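# Descriptive analysis of the structure
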Amino acid sequence: MEKFLIKLKRKAPSSPPPSSPPPSSPSSSQSDLDDLDNLPWDPADQKKIYEYNANQKNEVIRKYLMRGPCQPRGHTFKQSMKGGVLRRFNPSWFDQFPNWLEYSAKKDATFCLYCYLFKYNAGKGGRNDA
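Computed from a prediction, not measured in an experiment: that's the story for all the values here.

### Details of the side chain of Gln 46
Turning to its location among the elements, Gln 46 is positioned in the loop between helix 1 (26–31) and helix 2 (57–67). Gln 46 gets classed as buried once you look at its relative accessible area, which sits at 12%. When sequence neighbours within four positions are dropped, the list of residues in contact with Gln 46 reads Pro 40, Trp 41, Tyr 64, Glu 102 and Tyr 116.

Shown next as structure tokens:
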């Protein structure tokens, strides 16, 4: 086996690697970060998790998990005709699915909180709607 391996001579490093990264300017790193206290409540206004700064994604996910799903309990849900029958969102579903069911009053649509937070970004060709 030795005849197939080529042994390389390695040089000793001339200087030790820096122990900590050089300080970055606060203006450049802060401009990319979002204000976690002002994250949008309605799912229609939320940007995709992968659009957040990579250093902040876990904080954003933690904040949404602590806040819980958007469940506008006092909202009057719009009726629409589906298959010849008037239908609308049933607010008792909030009690049935309290941890993950979200409702957007702006889009008149339901969403899954966990799907939003942990959805894998498959790109343009991906069929991973949540």
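Right, picking up where we left off after that structure.
### Regarding the layout of surface pockets
Space left empty within the atom packing is revealed by a probe, the size of a water molecule, rolled over the atoms. Within this model, the second largest pocket holds a volume of roughly 150 Å³. Every residue along the wall of the second largest pocket is listed here: Lys 78, Ser 80, Lys 82, Arg 87, Arg 88, Phe 89, Trp 93, Tyr 103, Asp 108, Ala 109 and Thr 110. Within the residue set of the lining of the second largest pocket, elements represented by two or more residues are strand 1 (80–82) and strand 4 (109–112). The residue inventory of the lining of the second largest pocket, partitioned by class, reads four nonpolar, two polar and five charged.

Rules behind the numbers
- Residues numbered from 1 in each chain as written.
- Predicted model: local features only at pLDDT ≥ 70, side-chain atom pairs only at ≥ 80, totals over all residues.
- Heavy atoms only, no water.
- Helix = DSSP H or I, 4+ residues; strand = E, 2+ residues; numbered from the N terminus.
- Buried < 20%, exposed > 50% of the residue type's maximum accessible area, 1.4 Å probe, protein only.
- Contact = heavy atoms within 4.5 Å.
- 1 Å grid on protein atoms, 1.4 Å probe; cavity = no way out; pocket = protein on both sides within 12 Å on 5 of 7 lines; lining within 4 Å.
- Points joined across faces, edges and corners; volume = space filled by probe spheres on them.
- Nonpolar A, V, L, I, M, F, W, Y, C, P; charged D, E, K, R; others polar.

Note that every value here comes from positions in space, so none of it alone points to a role or purpose.
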